[in-house]
Amino acid sequence: MASAEIVRQTLITEISRKRVKRLYLGNTSDTNHSVILPDDVIDKILAFLPIKKAKQIGILSSRFNHSWIFSRRLHFDNDFARGRGPENFKSMVNKVFDQHAGSSILSFRLSFDANGGGPVKLISDVYDVESIKILLLSFCQLDLPPKFKGVGDCPEILMIDIDAPTLHAIHYCGHVCFIKFTNIPEVKDVMLNFGPSKVFTGTFQVRNLVYDLYNIRVLTTTSTFLEGLTSKFMGGTLTEMQFSFWNLIEFHLIMEGAMYCNPYDIVSFLKNCQYLNDFNFVCGVPYWELRNRQAFEQSHVSFHNLKFIKLYGFKFQKDELLLVKFLQGSAPGLEKLVLITPIKYRRVKGVTLNLQGFYQDIQSWKASPRAEIAVFEHSSDRSSVSPMHSKTWY
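Here's a quick rundown of the structure. Not measured: the values here are computed from a predicted model.

One pass over the full model with this rule turns up five salt bridges. Where Glu-87 meets Lys-90, a salt bridge forms, and the shortest distance between an N and an O atom there is 3.6 Å. One end of the pair is Glu-87 and the other is Lys-90, both in helix H5 (residues 86–99) and three residues apart, which spans about a single turn. Exposure remark for Lys-90: the relative accessible area of 45% places this residue in the partly exposed category. A salt bridge links Glu-335 to Arg-370, with the shortest nitrogen-to-oxygen separation between them at 3.9 Å. Here the residue Glu-335 occupies a position in the loop between helix H11 (318–330) and strand S17 (336–341), and Arg-370 occupies one in the loop between helix H12 (355–364) and strand S18 (372–377), the gap between them amounting to 35 residues. Given the relative accessible area of 40%, Glu-335 is considered partly exposed. Through salt bridges that share partners, Lys-52, Asp-79 and Arg-82 make up one connected network.

This part is about the packing of helix H9 (residues 263–270) against H11. One can describe the packing of H9 onto H11 by two numbers: an axis separation of 10 Å at closest approach and a directional angle of 25°. What the angle tells us is that H9 and H11 run roughly parallel. By crossing handedness, the relation of H9 to H11 is classed as right-handed. Of H11, the residues touching H9 (which contributes Pro-263, Ile-266, Val-267 and Leu-270) are Asp-319, Leu-323, Phe-326 and Leu-327. Its residues assigned to classes, the contact of H9 with H11 shows seven nonpolar, no polar and one charged.

What follows deals with the packing of aromatic side chains. Under the defined criterion, the tally for this structure stands at 13 aromatic pairs. One aromatic cluster in this structure is built from Phe-76, Phe-80, Phe-89, Phe-97 and Phe-108.

Here the focus is the sheet that holds S17. Taken together, eight strands build an open sheet; the order of strands is S8-S10-S11-S14-S15-S16-S17-S18 and the sheet is parallel. Lying at the two open borders of the sheet, with one neighbouring strand each, are strand S8 (169–174) and S18. Between one strand axis and the next, the sheet turns by 10° as a mean value, whatever way the strands run. The pairing of strand S14 (residues 250–254) with strand S15 (residues 278–282) spans five bridges and is classified as parallel. In the sheet register, Ile-254 faces S15, and the bridge partner there is Val-282. Here H11 sits on the sheet and contacts S15, strand S16 (308–312), S17 and S18; the angle it forms with S17, its principal contact strand, is near 165°.

This part covers the pairing of S17. Successive residues of a regular strand alternate their side chains across the two faces of the sheet. With six of six residues buried, S17 lies mostly within the body of the structure. Here S17 shows no split at all, with Lys-336, Val-338 and Ile-340 on one side and Leu-337, Leu-339 and Thr-341 on the other all buried. Here S16 pairs with S17 via five bridges, running parallel. By the bridge assignment, Ile-309 is partnered in S17 with Leu-337. In this fold, the crossover linking S16 to S17 by way of H11 has right-handed handedness. Bridge count between S17 and S18: six bridges; the pairing is parallel.

Once that is clear, we can look at the nonpolar core. The biggest cluster of nonpolar side chains holds 60 residues, and the ones touching the most others in it are Phe-225, Phe-251, Phe-269 and Phe-279. No other element matches the six residues that H11 contributes to this core. Excluding its chain neighbours within four sequence positions, the residues that come into contact with Phe-279 are Phe-251, Leu-253, Ile-266, Leu-270, Leu-306, Phe-308, Ile-309, Lys-310, Leu-311 and Leu-327. Counting residues in each nonpolar core, the second largest holds twelve residues, with Trp-68, Leu-74, Phe-80 and Val-96 among its members.

If you check which residues of helix H7 (residues 203–212) are buried, you get Thr-203, Val-206, Asn-208, Leu-209 and Val-210. Lining the buried residues of H7 we find strand S9 (178–183), strand S10 (189–194), helix H8 (223–229) and strand S12 (232–234).

In the structure shown here, the tally under the stated rule is one cavity of 30 Å³ or more. The volume enclosed by the largest cavity comes to roughly 80 Å³. Together, Leu-226, Leu-229, Thr-230, Ser-231, Glu-240, Met-241, Phe-243, Asp-265, Ser-268, Phe-269 and Asn-272 line the largest cavity. Sorting the residues of the lining of the largest cavity by element identifies H8 and H9 as the ones contributing at least two each. At three residues, H9 tops the list of elements feeding residues into the lining of the largest cavity. Here the residues of the lining of the largest cavity are counted per class, giving five nonpolar, four polar and two charged.

How each quantity is defined
- Residues numbered from 1 in each chain as written.
- Predicted model: local features only at pLDDT ≥ 70, side-chain atom pairs only at ≥ 80, totals over all residues.
- Heavy atoms only, no water.
- Salt bridge = Lys/Arg side-chain N within 4 Å of Asp/Glu carboxyl O.
- Helix = DSSP H or I, 4+ residues; strand = E, 2+ residues; numbered from the N terminus.
- Buried < 20%, exposed > 50% of the residue type's maximum accessible area, 1.4 Å probe, protein only.
- Axes fitted to C-alpha atoms, helices over the stretch in contact; angles between N-to-C directions.
- Parallel < 35°, antiparallel > 145°, perpendicular 65-115°, else oblique.
- Left-handed = near helix turned anticlockwise from the far one by under 90°.
- Contact = heavy atoms within 4.5 Å.
- Nonpolar A, V, L, I, M, F, W, Y, C, P; charged D, E, K, R; others polar.
- Phe/Tyr/Trp six-rings, centres within 6.5 Å; stacked < 30°, edge-to-face > 60°.
- Pairing = 2+ DSSP bridges.
- Right-handed = clockwise from strand over helix to strand, strands pointing away.
- Core = buried A, V, L, I, M, F, W, Y, C linked by side-chain atoms within 4.5 Å.
- 1 Å grid on protein atoms, 1.4 Å probe; cavity = no way out; pocket = protein on both sides within 12 Å on 5 of 7 lines; lining within 4 Å.
- Points joined across faces, edges and corners; volume = space filled by probe spheres on them.

What follows is the structure, given as structure tokens:
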């Protein structure tokens, strides 16, 4: 007993300046068997409980009434909502956030019945957090900000697994990684902004994407993606990959930083898009090596549904003109071709363009007599049609 009393007096002395709470261990009423802890220690212990449990413990003692404001596990799930009406549920959630005083949040869950309404709209402040590591959403519509803080261009991602039967759009920006789609029947809008790779993109890296995304209507991607789809030698024979985007109506290709992609790769992809209406093309430094020139020149394909073509960064160089000639001659229903030159490109010293001569050549390549041709500098683009996606989304 003497040793227990010494320990008790020592504890009381060490925390004499703090308000204390007693937690009794065992069933004895002997106060010599009690452990005395400071308030901040008790608050830290309760902080690791889900918010509902923390509030329930507050009922046991008035000293615990406000410990829940330090909770690090804000779980407003079905268990929390049980017995609460919509207004009461909303009021309680708002109250917790208004009074929360914890230093951090370890986990946050929000689940409620939308009463058969549409998806829940989430502003970016909810999920655009630099420290966030795991995010699970169901039946939500995200308001994407112009620039993300915690998501976007993540170099350490190895695999992404998406199982979202109500998902409508997928925007990804970063290096090529393995993306697995388990169930995405509603996805129609896709952006795969893969950064340039120092090595040739392998078919195995993108094969599943063309098979899983066959039903999309709008696609923005980079030359890195097309490199993985290009023809490969198999058994000594150049073999094309078999795929089809049956419902694609808008395609936006970003060539900036490309290393291997050439006009033949572009045409090989386009011929697998039966109902393509719009083709937008962003070209950086045009350095294409036409390793498939002969196959390209011998290609016979028609884009009957292609109505609009817009080529950015156009410098009227040989391979760019070759692509324009091919697309114009293969699109009998084309309504408009727009060429956007780089900013002040025609004013750069040493650059002289015979636009009238080029214009006459391009006019002679038309398979559609009603096709309109327009040339603009980047800053003066007055064409009415622009791609749905910008080059980046965050």
